[in-house]
Structure formats: structure tokens, C-alpha cells
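# Structural features, examined
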Amino acid sequence: MGLLTATAFQLSPSIQPRAFVVMGSLASSDVDDDLLYQMLVALRSAMKTGDESDPQCAVSMLNCISRVVPSLPESSRYIGSLFWLAVALLQTGHAAFYREACDLLCACLTALTSQGAFEETGFTATLLEARTSLEDIALQMDQMLFLSFDIDFSFSLASVIFKGLRRPQFKASAVNALRCLLTNA
């Protein structure tokens, strides 16, 4: 794993995406917040410098992140934020990220449910609380789409996911995400 993580964080357009795919497959334990933070920094860098016509690197990183979410410890501070990252990617409507964003959304919901995060304050309140650290950018995205997660959480979330039902290649991912919401809510 040490060699793999060292390879994954090297800026090489031909090797880095493959290393992240392998890391997502092999990292079933010993994933901590520090490693996830490094993945998120690499994702941010890939999205800033990436080519829109070839989003392979960012897609492989999202795939890796969604696969390691179940391995995160219960004390991880990132799972709620990762849920909102998935929602933000769905809000952008960028087709290359739709499947991975749905997978990340489901992985986060499943992890939060298995940790019992929704038992005390409920589904909506828990997720909106996780959003407070991202409030500025989240409100901007909501305003662009004329949505309000504060006023009608369920409708806003369903409308963001529903975009995929209109495109045949994303229909299965959209249905899976909606099922995941029903199962974990």
C-alpha cells in the first residue's frame, strides 16, 4: 500500500488514474482521515488542472474515494462532507461525474446509516448539519439551480438525482441512488 499511495500521488496523467483505481480496490482497511484528505487534495488538483474533454483522472479519484468510504473509521469527519461533494457534483450536471457522484452519495449514506448517525437527530438534520461548513458555496449552487435544501430537503435532493433519469446511460445510477435514499432515510 505504501508504494501504491506514493505512486497515486505522483502527477502523471498516465499512471495516476490507474493507481487510484487499484487503491480503491485494495484499500479495504487502514484508511484514515489523513489518507482521505490526501485523496481530496489530489481530486481538487485534478479538477482544477484537468482537461474537460478527458476527465479520466478525476473520475478515477472519485471512484477510489467512493470505494474507501466504507473503510473509514466511525470517527471520520469527512463522510458528511463527502455526501455534499457528491450532491455538488450532481448539481453541476457534468456527465462524466454522474455515475461516480451517485456511487459516492450511496457509499456515504450507507456508511452514515451503519454508524447510527441518523438515530439521534434524524436523516435531514444530520445531513444539513454536515453542510454547515460548506454553506457559502452550497448556497451559491442552490441559488443557481433555484433549490433550497433548507426548505425542502427531499425535493431538492430528488431533483438533483432525477437529472440522470432523463439520460439512458445514467438511468441505472439514478435509480440506484434513489433506492439508496429510500433504504437509508
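Placed above this text is the structure.
As a starting point, this report considers the structure included with it. (Residues numbered from 1 in each chain as written. Predicted model: local features only at pLDDT ≥ 70, side-chain atom pairs only at ≥ 80, totals over all residues. Heavy atoms only, no water.)

We now examine the packing of helix α4 (residues 56-68) against helix α6 (residues 98-114). Helix packing for two helices is described by the angle between their axes and how far apart those axes are. It is at 9 Å that the axes of α4 and α6 come closest, and there the two elements cross at 15°. The angle between α4 and α6 falls in the class roughly parallel. Crossing handedness for the pair α4 and α6: left-handed. Residues Val59, Leu62, Asn63, Ile65 and Ser66 of α4 form the contact with α6, whose own contacting residues are Glu100, Asp103, Leu104 and Ala107. (Axes fitted to C-alpha atoms, helices over the stretch in contact; angles between N-to-C directions. Helix = DSSP H or I, 4+ residues; strand = E, 2+ residues; numbered from the N terminus. Parallel < 35°, antiparallel > 145°, perpendicular 65-115°, else oblique. Left-handed = near helix turned anticlockwise from the far one by under 90°. Contact = heavy atoms within 4.5 Å.)

Glancing now at the side chain of Asp142. With respect to the helices, strands and loops of the structure, Asp142 is situated in helix α8 (residues 135-145). With relative accessibility at 3%, the residue Asp142 sits in the buried group. (Buried < 20%, exposed > 50% of the residue type's maximum accessible area, 1.4 Å probe, protein only.)

A separate point is the environment of Met141. In this structure, Met141 sits in helix α8. For Met141 and Glu129, which are twelve residues apart along the polypeptide, the C-alpha to C-alpha distance reads 17 Å. With residues near it in sequence (within four places) discarded, Met141 still touches Ala88, Gln91 and Thr92.

With that out of the way, let us pick up the pattern of salt bridges. Evaluated as defined, the whole model comprises two salt bridges. The salt bridge partner of Asp33 is Arg77, with a shortest N-O separation of 3.8 Å. Here the residue Asp33 occupies a position in helix α3 (residues 33-49), and Arg77 occupies one in the loop between α4 and α5 (79-92), the gap between them amounting to 44 residues. Across the salt bridge formed by Arg131 and Asp142, the nearest N and O atoms sit 2.3 Å from each other. Residue Arg131 is located in helix α7 (residues 123-131), and its partner Asp142 is located in helix α8; the two are separated by eleven residues in the primary sequence. (Salt bridge = Lys/Arg side-chain N within 4 Å of Asp/Glu carboxyl O.)

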